Amino acid sequence: MSLIKSISGIRGTIGGGIGENLTPLDAVKFASAYGTWLLNRNAGTTSGKLKVVIGRDARISGKMISSLVSNTLVGLGIDVIDLGLSTTPTVEVAVPLEKANGGIIITASHNPKQWNALKLLNEEGEFLNGEEGEKILVLAENDGYSYAEVDDLGAYTKDRTYVKKHVDAVLALELVDVEAIKKAKFKVVLDAVNSTGGIFIPALLEELGVECVKLYCEPNGQFPHNPEPLKEHLGDISALVVKEKADLGIVVDPDVDRLALVNEDGSMFGEEYTLVACADYVLGELKGGNTVSNLSSSRALRDVTEKHGGTYTASAVGEVNVVIAMKATNTVIGGEGNGGIIYPESHYGRDSLVGTALFLSHLAKCGMSCKALRASYPSYFMSKNKIQLTPSLDVDKILEEMAKKHAAEDVNTIDGVKIDFPTEWVHLRKSNTEPIIRIYTESTSQENADALANKIIDEIKEIAGL
């Protein structure tokens, strides 16, 4: 199973057969469905052509997929503004600035280089909700589109100004303390996994007066390690941070919406704690406020929020669900425990540029080292595991049985099954992007988190008859 269609877009591996992998025909089909949905959505409400912003990460297949998508939209009579090598948050920022009707980011995020995807945005530069995504899936399934005649084709233009525009927007945020960061004279090592973070993060750091040692910053799509910013993939930057006597390491994924940090001694700050630290800073500066993260994120955010007198809310997994909950609770900062910072003062999307600027502001003003700052937060430890799915597994039944088995505990079923024990928790859910069950646990020690994960995996295997 290498082609995954969901409400958030289409994702698959390059090459192979139509409908089984992300082939050129599949890219055209899905771009056609999205463009048609936009035309239907805006029918009779606007004069002139619709406009869509597109951008891509540095994947080898990105230029090919981008060309197919752009020309398909032009063929539907939609104008295209192509940002070229870009980031997910940059396209999100650009859509409302360009007064566009939507946006497409060509990226498979943290997936390996053989994958690519189309991520779809609305006119606010935010991911589509479930109802909107479902309409696009139906259009694609039924080939429900009609193309423009020759005199009505869309126009295609390139815009390469958005590195500066995005950086300037971050620098203009009230809580980004540019002078404090400059005064701190930070030295950082950056691992951008040879994607577009190697363009955008150094541009930001230069404006902040931060010395940047670049590691894997050539945007050629040749990922030097697994691009998911997890501890087991980050040995090179850990060693280089120590060697360079840097204040910290910064790691971003290929589309620059996830931010992980490395302490000055090469140890991990912890991707779960990127959001915790940024929220601590924002809540401290604002003297309180509400936060949101998803069910798979650390309890530490709840603890920090309550310390500042705010209210924490847990949402279903998925950026769109986090954003919906953030808007409903008037949240000042939120995101996902995978290093995704969503700061409404900027925009409703995970943004590593915003996260970097907020974190450096916090570090500069608190006067602590990176490791000391991390030690100041409640210590929770997570274990992230997965079970590969096979067609014979009835996943919904497995999750239902797990909920019944632990009915005496605090069980939440808004997204898979989350079981809250007094000092630890486990969250089980089907992935939206891979054919797997994700099993996240958190406890008061790594040993306990791993032990809980192993116990739950054994229970799932018993129920599934594996």
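Structure: above.
Residues numbered from 1 in each chain as written. Predicted model: local features only at pLDDT ≥ 70, side-chain atom pairs only at ≥ 80, totals over all residues. Heavy atoms only, no water.

Points about the overall build of the protein
Point 1. The secondary structure content of the protein amounts to 15 helices and 20 strands.
Point 2. Here the C-alpha radius of gyration of the protein, 22 Å, is about what a compact globule of 466 residues would show, namely 23 Å.
Point 3. Looking at the protein residue by residue over its 466 residues, the buried ones come to 59%.
Point 4. Of the contacts formed within the protein by residues at least 6 apart in sequence, a portion of 68% connects residues at least 24 apart.
Point 5. Just so you have it, the protein exposes about 18500 Å², and 50% of that area is on carbon and sulfur atoms.
Point 6. Across the protein, the mean location of the 46 positive side-chain charges is 3 Å away from that of the 64 negative side-chain charges. (Helix = DSSP H or I, 4+ residues; strand = E, 2+ residues; numbered from the N terminus. Rg over C-alpha atoms; globule rule 2.2 N^0.38 Å. Buried < 20%, exposed > 50% of the residue type's maximum accessible area, 1.4 Å probe, protein only. Contact = heavy atoms within 4.5 Å. Areas by Shrake-Rupley, 256 points an atom, 1.4 Å probe, with all protein chains shown as cover. Lys, Arg positive; Asp, Glu negative; His and termini not counted. Charge placed at Lys NZ, Arg CZ, Asp CG, Glu CD.)

Some words on the pairing of strand β8 (residues 187-191)
Point 1. Counting buried positions along β8 gives 5 out of 5 residues, so the element sits mostly inside the fold.
Point 2. Burial along β8 is two-sided: Lys-187, Val-189 and Asp-191 and Val-188 and Leu-190, pointing in opposite directions, are all buried.
Point 3. Bridging between β8 and strand β9 (residues 211-215) involves 5 bridges; their strand directions are parallel. Residue pairing across strands places Val-188 opposite Cys-212, the latter belonging to β9.
Point 4. In the classification by handedness, the crossover that spans β8, the intervening helix α7 (residues 197-207) and the parallel β9 is right-handed.
Point 5. Both β8 and strand β10 (residues 248-252) contribute to a ladder of 4 bridges, which runs parallel. Residue pairing in the sheet places Val-189 in a bridge with Gly-249 of β10. (Pairing = 2+ DSSP bridges. Right-handed = clockwise from strand over helix to strand, strands pointing away.)

What to know about the nonpolar core
Point 1. One finds Leu-208, Leu-248, Phe-269, Ile-333, Leu-358 and Phe-359 to be the most contacted residues of the largest nonpolar core, which totals 53 residues.
Point 2. Of the residues forming this core, the biggest block, 9 residues, is contributed by helix α9 (residues 271-286).
Point 3. When sequence neighbours within four positions are dropped, the list of residues in contact with Leu-358 reads Leu-175, Val-176, Cys-278, Tyr-281, Val-282, Ile-333 and Tyr-343.
Point 4. If you look at the next biggest cluster of nonpolar residues, it comprises 30 residues, including Phe-30, Leu-50, Leu-137 and Leu-139. (Core = buried A, V, L, I, M, F, W, Y, C linked by side-chain atoms within 4.5 Å.)

Observations concerning the side chain of Asp-57
Point 1. Following the sequence through the fold, Asp-57 ends up in the loop between β3 (51-56) and α2 (62-75).
Point 2. We classify Asp-57 as buried; its relative accessible area is 0%.
Point 3. At a separation of 2.9 Å, a polar atom in the side chain of Asp-57 contacts the side chain of Arg-59.
Point 4. For Asp-57, the side chain forms a polar contact with the side chain of Thr-107, separated by 2.7 Å.
Point 5. With residues near it in sequence (within four places) discarded, Asp-57 still touches Leu-85, Ser-86, Ile-106, Thr-107, Ala-108, Ser-195, Thr-196, Pro-254 and Asp-255. (Polar contact = N/O pair within 3.5 Å; in protein donor to acceptor, adjacent residues only side chain to side chain.)

Remarks on the packing of helix α5 (residues 162-171) against α7
Point 1. At their nearest, the axes of α5 and α7 sit 10 Å apart, and the two run at 45° to each other. Taken as axis vectors, α5 and α7 run oblique relative to one another. Taken as a pair, α5 and α7 cross one another with a handedness that is right-handed. Across from Tyr-162, Val-163, His-166, Val-167, Val-170 and Leu-171 in α5, the residues of α7 making contact are Ile-199, Phe-200, Ala-203, Leu-204 and Glu-207.
Point 2. Here the contact of α5 with α7 is built from residues that sort into 9 nonpolar, 1 polar and 1 charged. (Axes fitted to C-alpha atoms, helices over the stretch in contact; angles between N-to-C directions. Parallel < 35°, antiparallel > 145°, perpendicular 65-115°, else oblique. Left-handed = near helix turned anticlockwise from the far one by under 90°. Nonpolar A, V, L, I, M, F, W, Y, C, P; charged D, E, K, R; others polar.)

Observations regarding the environment of Ile-437
Point 1. Within the element layout of this structure, Ile-437 appears in strand β20 (residues 436-443).
Point 2. For the pair Ile-437 and Leu-389, spaced 48 residues apart in sequence, the C-alpha separation works out to 6.9 Å.
Point 3. Not counting the four nearest positions on each side in its chain, Ile-437 is found in contact with Asn-385, Lys-386, Ile-387, Leu-389, Val-395 and Arg-429.

Description of the packing of aromatic side chains
Point 1. By the definition in use, this model includes 3 aromatic pairs.
Point 2. For the ring pair Phe-269 and Phe-359, a centre distance of 5.3 Å and an interplane angle of 80° mean the geometry is edge-to-face. Of the two residues, Phe-269 sits in the loop between β11 (259-262) and α9 while Phe-359 sits in helix α12 (residues 352-366), which places them 90 residues apart along the sequence. Residues Phe-269 and Phe-359 agree in their burial class; the two are buried.
Point 3. In this structure, Arg-374 packs its charged tip against the face of Tyr-273, placed 3.5 Å from the ring centre. (Phe/Tyr/Trp six-rings, centres within 6.5 Å; stacked < 30°, edge-to-face > 60°. Lys NZ or Arg CZ within 6 Å of the ring centre and 35° of its normal.)

Observations regarding the sheet that holds strand β1 (residues 3-6)
Point 1. Reading across from one edge, β1-β2-β6-β5-β3-β4-β7 is the order of the 7 strands in this open sheet, with mixed pairing throughout. Two strands close off the open sheet at either side, each with one partner strand: β1 and β7 (156-158). Ignoring strand direction, the axes of neighbouring strands in this sheet form an average angle of 15°.
Point 2. The sheet contact formed by strand β5 (residues 102-106) and strand β6 (residues 115-121) spans 4 bridges and is antiparallel. Bridge pairing in β6 places Ile-106 opposite Leu-118.
Point 3. Sheet strands in contact with helix α1 (residues 24-41) are β1, β2 (9-13), β3, β5 and β6, and its direction is about 5° off that of β6.

Focus on α7
Point 1. Of the residues making up α7, those classed as buried are Gly-197, Gly-198, Phe-200, Ile-201, Pro-202, Leu-204 and Leu-205.
Point 2. At the exit of α7 stands Gly-209, carrying a positive phi of roughly 70°.

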